[in-house]
Structure formats: C-alpha cells, structure tokens
Amino acid sequence: MVVCSCNLLTHKDVEAAVADGANHPREIYAARGCKAQCGNCVKGVVCLLREAKLRHMQQAELAALAARQQGTALAASA
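Computed from a prediction, not measured in an experiment: that's the story for all the values here.

This part covers the UniProt feature "domain: BFD-like [2Fe-2S]-binding" (unreviewed entry) in the protein chain. The residues that UniProt annotates with the feature "domain: BFD-like [2Fe-2S]-binding" (unreviewed entry) are residues 2-50. Measuring from the first to the last C-alpha atom of residues 2-50 gives 17 Å, for a span that is 51% helix and 10% strand.

Here is the structure:
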C-alpha cells in the first residue's frame with residue numbers, strides 16, 4: 001500500500017526501515033532518501049511506524065521465549 005504519494009513510500013518501506021532500527025518518521029523517509037513533501041502522509045507513517053515497532057517487539061519477545069523454552073528443554077533432558 002502506498003503511504004506517501006509524493007515519494008511513493010509504501011508500508012513495506014516503513015516495515016524495512018523499522019527492521020533496520022528506525023524510530024521516527026524522518027528516519028523512515030531518510031531510509032528511502034526522501035523527505036515529507038506535503039505532509040498529508042505523516043500521520044499514516046506514524047501509525048504504521050508504531051504498528052511495525054509493536055510487531056517487531058512482539059516477535060523478539062516470542063523468539064526470546066522460544067529460546068528460553070528450548071534451553072529449559074535441553075537442560076531437562078541432560
């Protein structure tokens with residue numbers, strides 16, 4: 001989905017920038033080598049940024065939990 005028509009910024013661009021550590025809208029735009037032009041997209045970018053950060057944090061928590069469970073299972077079988 002195109003989030004910013006001025007820069008053809010998509011939701012996938014937002015996801016990729018967050019995966020690379022972006023925390024602010026300007027970092028999303030910078031990852032694509034652009035800036036907000038008219039500003040109509042900023043609220044949408046912020047919303048997608050928050051959602052992507054939440055998903056990445058949840059995925060990291062699930063991975064950590066799975067690693068702990070695997071470590072517990074290995075310790076129990078030893």
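Now for unusual backbone geometry. The residue L8 is not glycine, and still its phi comes out positive at about 50°. Structurally, L8 can be placed in the loop between β1 (2-4) and β2 (9-10).

It is worth spelling out the nonpolar core at this point. In terms of nonpolar packing, the biggest core is built from 15 residues, with L9, V18, I28, Y29 and V45 touching the most fellow members. Put simply, the parts of the chain that give this core at least two residues each are β1, α1 (11-19), α2 (25-31) and α3 (42-77). In contact with Y29, not counting residues within four places along its chain, are C4, N7, L9, C34, K35, A36, C41, V42 and V45.

Under the definition given, this model contains two salt bridges. Among the ionic pairs, D13 bridges to R32, the shortest N-O distance being 2.5 Å. On the criterion of sequence distance, the pair formed by D13 in helix α1 and R32 in the loop between α2 and α3 is long-range, its members being 19 residues apart. The salt bridge partner of R55 is E15, with a shortest N-O separation of 2.0 Å. Here R55 is found in helix α3, whereas its partner E15 is found in helix α1, with 40 residues between them in sequence.

Rules used throughout
- Residues numbered from 1 in each chain as written.
- Predicted model: local features only at pLDDT ≥ 70, side-chain atom pairs only at ≥ 80, totals over all residues.
- Heavy atoms only, no water.
- UniProt positions renumbered as here; feature names shortened; annotations may be inferred.
- Helix = DSSP H or I, 4+ residues; strand = E, 2+ residues; numbered from the N terminus.
- Core = buried A, V, L, I, M, F, W, Y, C linked by side-chain atoms within 4.5 Å.
- Buried < 20%, exposed > 50% of the residue type's maximum accessible area, 1.4 Å probe, protein only.
- Contact = heavy atoms within 4.5 Å.
- Salt bridge = Lys/Arg side-chain N within 4 Å of Asp/Glu carboxyl O.

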